[in-house]
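# Structure at a glance
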Amino acid sequence: MDFINLPVLLFSILLTISILTSLVSSRVGIPLILAFLCMGLAVSAGHIEMLQSLHRPGIIFFIGSIALAMILFDSGFHTSMKNYRQNAKPALLLSTLGVVMTTVILVPFVHFLMDLNWTFSFLLVAMISSTDSAAVFSLLRSKGLGLRERVKSTLEIESGTNDPMAIFLTLSFILIIQQQLTNQSIQYGFLFPTLLEQAFVGGVIGLGAALLIRTLINKIPLDTALYPIFVLGLTLLCFSMTNLLKGSGFLAVYVAGLILGNTRIQAYAQISKFQQTMTWLCQITMFTSLGLFVTTDGLPQILDIGFILSILLMLLARPLMVFAILHFFKQFSLGDKLFISFVGLRGATSFLLALLPIVMGLPYAHTFFDIIFIMVLISLAVQGFLIPIVGRWCGVTIPVLETAPINTQIDLPGLGDSSLIMYQLDEQTPVVLGEKIPRWAKPTLVLRNGISYPAGTGLRQLKSGDKVYVFLSSELQRPILNKLYGRPSSNEIMTQGDFPISADTSFDELEHLYGISVDRGIRNSTISDLFHQEFADVEIGDRLVLDSIELVVHSIEDGHVSMVGLDFDPKGKNSIHHHIKLLSLKNLKKRLTSHQKTVK
Amino acid sequence: MKITEILNADSVLVEKAALSKKQLLEKLAHLASERTGLDRMLILNALVERERLGTTGIGHGVALPHARLEGLKNIFCAFFKTNETPFESVDNKPVDLLFLLLVPENAGADHLKALAALSRLLRNDKVTEKLRKNDLPKDIYKIILDNDTDE
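Residues numbered from 1 in each chain as written. Chains lettered and ligands numbered in written order. Predicted model: local features only at pLDDT ≥ 70, side-chain atom pairs only at ≥ 80, totals over all residues. Heavy atoms only, no water.

## Quick look at the overall build of chain B
- From N to C terminus, chain B includes five helices and six strands.
- Listed N to C, the secondary structure of chain B is β-α-α-β-β-β-β-β-α-α-α in terms of helices and strands.
- Across the 151 residues that make up chain B, the buried fraction comes to 54%.
- When contacts within chain B are restricted to residue pairs at least 6 apart in sequence, those whose partners lie at least 24 apart make up 70%.
- Split by element, the accessible area of chain B, about 7,000 Å² in all, is 48% carbon and sulfur. (Helix = DSSP H or I, 4+ residues; strand = E, 2+ residues; numbered from the N terminus. Buried < 20%, exposed > 50% of the residue type's maximum accessible area, 1.4 Å probe, protein only. Contact = heavy atoms within 4.5 Å. Areas by Shrake-Rupley, 256 points an atom, 1.4 Å probe, with all protein chains shown as cover.)

Structure, rendered in C-alpha cells:
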C-alpha cells in the first residue's frame, strides 16, 4: 500500500506547511498561492515518481478547467450587483478591449526579442493577457487593505470577466497555428462571429442557469448540507452544457454566480462558505498540479526573457492600456488609474492556457509554459507584496478598523428572507456604550459566559464579550443592526488629520474662512454641488483639489455628499497621488499667486 | 512654516479643570482676547461659527479650533492642555490637547501652512504621548520645539 501512502504523506505535509505560512504573513492570499506553486515545483524538480504519474497534460488541463470554472463562479457569486451596475462599463471595457490591447502592445516585443514569428508571438502573449480572478479577489479582500469601492469593484469585475477573452484569443491563435502547420489556407473571418457567439451563448445560458438554480434551490427541500453540492453540480452542468453549445462556459458560470450571489436563496450562508472553501481547494489543486509541469532544467534559459516580459507587461503594456481606456471615464482619478494599472495580477488562467499548446503538441509549448511560469511568479511576488504600499501611495486606500465586527449569519430554512445574525460585542460596540435599541431590533438570545439568556429574561445591559443573536426579517434592517451591534464600518471612519466640514458649506464661506482663492463661477455653489458635478457617482474617498486644500468625501447620505474633510497638508501623506496632482497644479497656482501679488 | 514662528512660550497653558466644549472655547477666546486686544465675543463667535460647520476635534484627543479674524495684526497661536473634554470630535473621544489658531484676514497661504504644520505635529503619536506625560508649560514648549520640523 506504500504506493498510496508515501505520496499522500508527502502531499499532506506540504499542504499543511503551505497553509501554515498564511499565519506568518498578514497578506494572506498571494504568499499562499506562491507556496502551492512552489510545492508543485518542488515535486517536479524532485522527480518524485509517484506524483509524476500525474504528468499528463490532458488530465491536468481537464482538472484545471473545472477548477477555473469553480473559481469564476465564486468570483461572480461574491460580487455585489450594486457595484456591478456602477462600474460595469469601464470594467467590461478593460476586460475585453483591454485584453486585446495588452496583447497588441506586447506582441512586437516578443516578436523581436525572441525572434519568434508573429502567430507564435501572439499565442504567447494571449496566454498571459488576462488578470487572475482568484489572486485579485484574495488580495483585495485580505485583511487590512481597505480600498475605495470604485477601484475595488472595477478590478474585481475586470478580473472575473477577462478570462473568457484571453481563452478565446488563445484558442484562436492555436487554431491559426494549426492551420499554418498543416499548410492550410489561413482563415481569419471566423474569429469575430465566433467571439460574439461565445459571449452571447455564454451569457444567455448563464442567465437561464441562474434562474433555474434559484427556483430549484428554493423549491426543493433538501438536507441543508446538500445545497452547496447541489449548486456545485448544477454549476458544472451549466459549464459543460454551454461549452457543448459552443458558448463560453467560463462566462456562463460567472454570470450564473453573479446573479445567484445577488438574490435571496435558500441556504445562502452555507453555499457562500462552501464556495470560499472550494475556491481555495481549486486554487491549491490548480497551482500544485500546474507547478508539476515546469521543466526546472529549462528555466535558466528563459529566465531573462521571462523577466523582461514581466517588466514590460507591468510597467508598459498594462498601464498604457488602463490609462487609454479609463481616460474616457472621468470618475477615475490619477491615483485610481495608477493603482488599477498596478493590480494586473497574472495567475491560474494564464497557467492553464499555457497547458493548451502542450496538450495540442505545438512547437515551443514547453518553453512557453516556462516563460508563463516565470511571469506569473514575478507578478504574484512583486505585485502581490507591493499592493498595500502602492495602494497607500496612490491614495486609493481607506482606513479600516483592526477588527471588523464579528457577525455570523444563520439561515432559517423555510423563511426565505429571514435569518438570524450573531454579533460578538466588544467595548466599542454602540449598544454596549449605551445606544438605545428599537423594539424590533432587540436580541432574540444573548450568550454570556456560556449561559444563554432568551429574550425577555431580564438582561438589562449588554456587555463586551456578549454574543447576541438578532432576528433579521428584511434586508433593509441590516444596516441599522450593523450600526447598533457592529463597529462603525470603514466608511464612517474619518481620516485623522482631516478637518470635517459640512458639504453644504458654500465656497463663498470657505473663502471667507480660509482666505483661499476660489473660481468666481463656483462661489455660490456648495462643496456637495461641486463633487456631484465632477463625479458621476461620487463615493467616499473621492478628492478634489482647491487651491492648496484637498477636499475628501467623508460621508454620503441619501446619495448626497454630506460631510467632507479638509486636508491642508496633502503633501504630508507621502503619496505619489498628491505629488503628481500638485505638480500639475503648479502652473495654475503660479498664475494665481502672481495674480494675487499684482492685486496687492 | 515652523510652529515656533507663531507660538510663544508664554502661550502654552496647562489647566486641569472640568469644562464643557463651550466653556473651553470661551476660555480660549478669553486668553486670545487678553493677548491680542481683540474683543472676546468677536473671537468666540468666530470659533463657534467654525465649529458649527464641522468639528475641529480631529480625533485621538486632539482639537485645533481656528478662525480668520478681521482686525487681527499677527497670527496668534496658543497651546492648551486640559482634562479630557467632550468636543464632538470625529471619533467621539474627549479632547485634552488643543492648539488655538487665529489668523489675520491678509494671512493668505500662511493660514493654511500653519494649520498644516499644527495638524502634522499632532498627528505624530510619539509627540502627543510626550505632551500628555508632561504638565510643565516650559517642558511642553520644549517638546513642540524639538519636534517642529519645517517641511
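Resuming the write-up.
## Quick notes on the overall build of chain A
- Per the secondary structure count, chain A includes 20 helices and nine strands.
- Of the contacts made within chain A by residues no fewer than 6 positions apart, 73% connect residues no fewer than 24 positions apart.
- As displayed, chain A has an accessible area near 27,100 Å², and 65% of this comes from carbon and sulfur atoms.

## Thoughts on the interface of chain A and chain B
- In this assembly, 25 residues from chain A lie in contact with 21 residues from chain B.
- Carbon and sulfur atoms supply 58% of the area buried between chain A and chain B, which totals about 2,000 Å² over both sides.
- The tally of links from chain A across to chain B stands at five residue pairs in polar contact (both at pLDDT 80 or more).
- Contributing elements (two or more residues each) for the side of chain A that touches chain B: β6 (499-502), α18 (507-514) and β9 (560-567) of chain A.
- Of the residues assigned to the side of chain A that touches chain B, the class counts are 11 nonpolar, eight polar and six charged. (Buried area = accessible area lost by both parts, 1.4 Å probe. Polar contact = N/O pair within 3.5 Å; in protein donor to acceptor, adjacent residues only side chain to side chain. Nonpolar A, V, L, I, M, F, W, Y, C, P; charged D, E, K, R; others polar.)

## Topic: unusual backbone geometry
- With a phi angle near 65 degrees, K246 of chain A is a residue other than glycine that sits in the positive phi range.
- Take K246 of chain A: it is sitting in the loop between α10 (227-244) and α11 (249-261).
- Assessed through its relative accessible area of 57%, K246 of chain A is described here as exposed.
- Within the chain, H60 of chain B stands out as a residue other than glycine whose phi angle is a positive 60 degrees.

## Overview of the environment of E427 of chain A
Residues and elements named next belong to chain A.
- Checked against the element boundaries, E427 lands in the loop between β2 (419-424) and β3 (445-448).
- Given the relative accessible area of 53%, E427 is considered exposed.
- As for E427 and K463, which are separated by 36 residues in sequence, their C-alpha atoms are 7.4 Å apart.
- In contact with E427, not counting residues within four places along its chain, are V432, L433 and S464.

## Some details on the packing of aromatic side chains
- Applying the stated criterion to the full structure yields 13 aromatic pairs over all chains.
- Aromatic pair F112 of chain A and W118 of chain A: ring centres 6.1 Å apart, planes at 85 degrees, arrangement edge-to-face.
- What makes W118 of chain A partly exposed here is its relative accessible area of 40%.
- Look at F79 of chain B and F99 of chain B: their rings are 5.1 Å apart centre to centre, the planes differ by 65 degrees, and that puts the pair in the edge-to-face class. Linking F79 of chain B in strand β5 (residues 76-85) with F99 of chain B in strand β6 (residues 95-104), this pair joins segments that are 20 residues apart in sequence. There is no split in this pair, since F79 of chain B and F99 of chain B are both buried.
- Members of the aromatic cluster, joined through ring pairs, are F287, F351, F369 and F373 of chain A.
- In this structure, K21 of chain B packs its charged tip against the face of F87 of chain B, placed 4.4 Å from the ring centre. (Phe/Tyr/Trp six-rings, centres within 6.5 Å; stacked < 30°, edge-to-face > 60°. Lys NZ or Arg CZ within 6 Å of the ring centre and 35° of its normal.)

## Here's the deal with the pairing of β3 of chain A
- In β3 of chain A, alternate side chains face the same way, and those of V446 and R448 of chain A are buried while those of L445 and L447 of chain A on the opposite face are not.
- The antiparallel hairpin formed by β3 of chain A and strand β4 (residues 451-454) of chain A contains two residues in its connecting segment, where N449 of chain A sits at a positive phi of about 50 degrees. (Pairing = 2+ DSSP bridges.)

## What to know about the pattern of salt bridges
All names here are of chain B.
- This model, assessed by the stated rule, comprises 13 salt bridges over all chains.
- Between D135 and K16 there is a salt bridge, with the nearest N and O atoms lying 3.8 Å from each other. Pair noted here: D135 is in the loop between α4 (125-133) and α5 (137-146) and K16 is in the loop between β1 (7-15) and α1 (21-36), with a separation of 119 residues, a long-range link.
- Among the residues examined, D135 registers a relative accessible area of 39% and is labelled partly exposed.
- Residue classification places K16 among the partly exposed positions, given a relative accessible area of 49%. (Salt bridge = Lys/Arg side-chain N within 4 Å of Asp/Glu carboxyl O.)

## Side note on the sheet that holds β6 of chain A
Residue and element names in this part refer to chain A.
- If you trace the four strands from one edge of the open sheet to the other, you get β6-β9-β8-β7, paired in antiparallel fashion. Each edge of the sheet is formed by a strand with only one pairing partner; in this case those strands are β6 and β7 (543-546). Between one strand axis and the next, the sheet turns by 35 degrees as a mean value, whatever way the strands run. (Axes fitted to C-alpha atoms, helices over the stretch in contact; angles between N-to-C directions.)

## Description of the confidence of the model for chain B
- Per-chain confidence: chain B averages 87 in pLDDT, with 99% of residues scoring 70 or above.
- Scored as a whole, the predicted complex attains pTM 0.67, and scored at its interfaces, ipTM 0.86. (pLDDT = per-residue confidence, 0-100.)

## A few points about the nonpolar core
- By size, the foremost hydrophobic cluster in this structure holds 122 residues, and its most contacted members are F339 and F369 of chain A.
- The element that contributes the greatest number of residues to this core is helix α16 (residues 365-394) of chain A, accounting for 14 residues.
- Apart from the residues lying within four places of it in its own chain, the contact partners of F339 of chain A are L147, V151, L155, I387, V390, G391, C394 and V396 of chain A.
- Listed in part, the 55 residues of the second largest apolar core include L513 and V518 of chain A together with I6 and I58 of chain B. (Core = buried A, V, L, I, M, F, W, Y, C linked by side-chain atoms within 4.5 Å.)

## Some thoughts on the side chain of E158 of chain A
- With respect to the element layout, E158 of chain A can be found in helix α8 (residues 149-181).
- In this view, E158 of chain A contacts A91, L94, S95, T131, R318 and M321 of chain A; residues no more than four positions away in its chain are not counted.

## A few points about the packing of helix α4 (residues 57-77) of chain A against α11 of chain A
Residues and elements named next belong to chain A.
- Put simply, α4 and α11 touch, their axes get as near as 6 Å, and they point 30 degrees apart. α11 is crossed by α4, and the crossing has right-handed handedness. Facing S65, L68, A69, L72, F73, S75, G76 and F77 of α4, the residues of α11 in contact are F250, V253, Y254, A256, G257, L258, L260 and G261.
- Across the contact of α4 with α11, the residue classes break down as 11 nonpolar, five polar and no charged. (Left-handed = near helix turned anticlockwise from the far one by under 90°.)

## Examining the confidence of the model for chain A
All names here are of chain A.
- Across chain A, the average pLDDT comes to 80, with 84% of residues at or above 70.
- The element-level mean pLDDT for chain A is lowest in helix α20 (residues 576-599), coming to 41, with α10 highest at 94.
- In the model, residues 401-405 has pLDDT below 50 throughout and makes six contacts with residues more than four positions away in sequence or in other chains.
- For the stretch residues 572-600, pLDDT sits under 50, and the model shows 33 contacts to residues farther than four places along the chain or on other chains.

## Considering a nonpolar patch on the surface
All names here are of chain A.
- Where nonpolar side chains cluster on the molecular surface, the patch consists of F109, L113, F307, I308, I311, L315, L316 and L320 and spans about 690 Å² of accessible area.
- Within the residue set of the nonpolar patch, elements represented by two or more residues are α5 (81-113) and α13 (299-326).
- Examining the composition of the nonpolar patch, we find that six residues originate from one element, α13, more than from any other.
- Its location among the elements puts L320 in helix α13. (Patch = residues over 30% accessible without salt bridge, like charges linked within 9 Å, V, L, I, M, F, W, Y side chains within 5 Å.)

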